[in-house]
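# Observations on the model geometry
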Amino acid sequence: MEKKKILQAKEVVKIYGSDPKNQVTALDHVSLDVFEGDFITIMGPSGAGKSTFLNNISTIDLPTSGSVKINGTEVRTMGEIEIGRFRYENLGFIFQEFNLLGTLTILENIAVPLTLKNVSRAEIVSRVEAIAKKLEITALLHKFPDECSGGQRQRVAIARALVTNPKLIVADEPTGNLDSKNSYEILKLLKDLNENEGVTIIMVTHDSMIASYSKKLIYIRDGKIDGIIERGDYTQREYFYRIVEINSQESQDLFYEDRHMMEGKE
Ligand SMILES: Nc1ncnc2c1ncn2[C@@H]1O[C@H](COP(=O)(O)OP(=O)(O)O)[C@@H](O)[C@H]1O
Ligand SMILES: [Mg+2]
C-alpha cells in the first residue's frame, strides 16, 4: 500500500530580521517529504536551523518563502482559526521548555488541549487519566508543576502533547533535560506510538543514541540539509555508528577551523 504523504516542505527559506544588514538566513531552500508512519530525527550543530525548521513545517511559524503543505493543504493559505483547529486535531508539540501553567494542577495542564476542543468534563478526566497511566504520572495529577521534578514535568508536557491522540508529533529536544533513564523511557513511548499506533514523529535531538531509535536521520548544517541516513536494513547498532560518524565529521571540521585560526591561517 502506498504511504500517505502527510507533510511536504518545498524550498523553505527562513530569513530572520528586517534590516538587510542584520539578516540571518536560518533556512536556505530546505525540502522534505514526510510520510505517514515516518520517524525522523533532525540533528546538526547548534544554530544550524533545526528548531527553525521544525517551527516552520509545523504551523508555529511561517517561512519567508517556499511551501509547506500538511495533508495537502498549504499552511500559508489557512486562517488563524483554521490553523488553531488543525493543530489541536492533528499535531502534538513537545518542546524542551515545558510551558506548564503554574496555577493549574497537572491534571488541568494535561487537559488544556481538550478544553479547547469542547470535550465533556467526564471524557476529559478519563482521557487524562489514561494518558497519565501510560506515562506513569497518575500520582501527580492533583499536584502543581512546582511540586514536580524536571523529569516529571517533561512527562506531563508529553502527556499534554499526546492527550489529543495527534497523528503527527513534533518534538524539539524532548529529552534535553532528562537523565538517560528518563530519556530512554520517553523514547520507548515514542517508538511504541510510532510502531503500534502509526503516529508520525519528527524529532530534534543532539544525542546519537536517541537518534538511533528513528527510521531516518536528517542532518542540517548552515540552514541546509547536509546528509540523510535511512535506517533501512541496518541494525540499530550500525545505524547508531553512522549517526555518530556524521556528527563527528562536524566536530573534526570545527577542530580544523580552530587549529587554522590558532596557527593564523585562513
Ligand atoms: N527569532 C529569531 N530571531 C533572529 N534570529 C534567530 C531567531 N531564531 C533563531 N535565529 C537564528 O537562526 C539560526 C538558526 O537557529 P535555530 O533554528 O534555533 O538553530 P538550532 O535549533 O539548530 O540550534 C541561528 O543563527 C539563530 O541565531
Ligand atoms: Mg534548537
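Residues numbered from 1 in each chain as written. Chains lettered and ligands numbered in written order. Predicted model: local features only at pLDDT ≥ 70, side-chain atom pairs only at ≥ 80, totals over all residues. Heavy atoms only, no water.

### So, the sheet that holds strand E5 (residues 73-74)
Pairing is antiparallel in the open sheet, where four strands are placed in the order E2-E1-E4-E5. Only two strands of the sheet have a single neighbouring strand rather than two, namely strand E2 (24-35) and E5. Here strand E1 (residues 5-16) pairs with E2 via eight bridges, running antiparallel. Pairing of Lys14 across the sheet is with Leu27, part of E2. (Pairing = 2+ DSSP bridges. Helix = DSSP H or I, 4+ residues; strand = E, 2+ residues; numbered from the N terminus.)

### Description of the packing of helix H3 (residues 106-115) against helix H5 (residues 150-162)
Between H3 and H5, whose axes approach to 7 Å, the crossing angle comes to 35°. Relative to H5, the crossing made by H3 is right-handed. Contacts between H3 and H5 involve Ile106, Asn109, Ile110 and Pro113 from the former and Val156, Ala159 and Arg160 from the latter. A breakdown of the residues in the contact of H3 with H5 according to their chemical character gives five nonpolar, one polar and one charged. (Axes fitted to C-alpha atoms, helices over the stretch in contact; angles between N-to-C directions. Left-handed = near helix turned anticlockwise from the far one by under 90°. Contact = heavy atoms within 4.5 Å. Nonpolar A, V, L, I, M, F, W, Y, C, P; charged D, E, K, R; others polar.)

### Some thoughts on the site of ligand 1
Every residue near ligand 1 is listed here: Tyr16, Val24, Ala26, Pro45, Ser46, Gly47, Ala48, Gly49, Lys50, Ser51 and Thr52. Here an oxygen atom of ligand 1 and a side-chain polar atom of Thr52 are 2.5 Å apart. Elements with a minimum of two residues in the shell around ligand 1: E2 and helix H1 (50-57). Looking at the shell around ligand 1 element by element, the count peaks at three residues for H1. (Near = heavy atom within 4 Å. Polar contact = N/O pair within 3.5 Å; in protein donor to acceptor, adjacent residues only side chain to side chain.)

### Description of helix H4 (residues 121-134)
For H4, spanning 14 residues, the distance from its first C-alpha to its last is 20 Å, which sits close to the expected 20 Å at 1.5 Å a residue. Close packing links the buried residues of H4 with H3 and H5. Directly after H4, the chain includes Glu136, whose backbone phi takes a positive value near 55°. (Expected span 1.5 Å × (residues − 1).)

### Let's talk about the pairing of strand E8 (residues 200-204)
For E8, the buried fraction is high: five of the five residues fall into the buried class. In terms of strand pairing, strand E3 (residues 39-43) meets E8 through four bridges, oriented parallel. Bridge pairing links Ile42 to Val204 in E8. Sheet analysis places strand E7 (residues 168-172) next to E8, joined by five bridges and oriented parallel. By the bridge assignment for E8, Leu168 is matched with Thr200. Crossover connection from E7 via helix H6 (residues 180-197) to parallel E8: handedness right-handed. (Buried < 20%, exposed > 50% of the residue type's maximum accessible area, 1.4 Å probe, protein only. Right-handed = clockwise from strand over helix to strand, strands pointing away.)

### A closer look at H5
Structurally, the α-helix is built with 3.6 residues per turn, so residues lying three or four positions apart point the same way. The terminal C-alpha atoms of H5, which comprises 13 residues, lie 18 Å apart, in line with the 18 Å expected from a rise of 1.5 Å per residue. Most of H5 is tucked away: 10 of the 13 residues are buried. For H5, the set of buried residues is Gly151, Gln154, Arg155, Val156, Ala157, Ile158, Ala159, Arg160, Ala161 and Leu162. If you follow the buried residues of H5, they end up packed against strand E6 (91-94), H3, H4, E7 and H6.

### Thoughts on the pattern of salt bridges
Inspection of the entire model under this criterion finds 11 salt bridges. In this structure, Glu197 and Lys134 form a salt bridge, with 3.3 Å as the shortest nitrogen-oxygen distance. Of this pair, Glu197 sits in helix H6 while Lys134 sits in helix H4, and the two are 63 residues apart along the sequence. By relative accessible area, which is 48% here, Glu197 ends up partly exposed. According to the relative accessible area criterion, Lys134 is partly exposed, its value standing at 40%. Across the pair Arg221 and Asp226 runs a salt bridge, and its minimum N-O distance is 2.9 Å. (Salt bridge = Lys/Arg side-chain N within 4 Å of Asp/Glu carboxyl O.)

### What to know about the nonpolar core
In terms of nonpolar packing, the biggest core is built from 38 residues, with Ile110, Val128, Leu135, Ile137 and Ile169 touching the most fellow members. For this core, the leading source of residues is H5, giving six residues. Ranked by size, the runner-up nonpolar core spans 28 residues in total, among them Phe53, Phe86, Val170 and Ile202. (Core = buried A, V, L, I, M, F, W, Y, C linked by side-chain atoms within 4.5 Å.)

### Here we look at the packing of aromatic side chains
Using the criterion set out here, one finds three aromatic pairs in the structure. When the centroid spacing of 5.8 Å and the interplanar angle of 10° are considered together, the rings of Phe93 and Phe95 count as stacked. (Phe/Tyr/Trp six-rings, centres within 6.5 Å; stacked < 30°, edge-to-face > 60°.)

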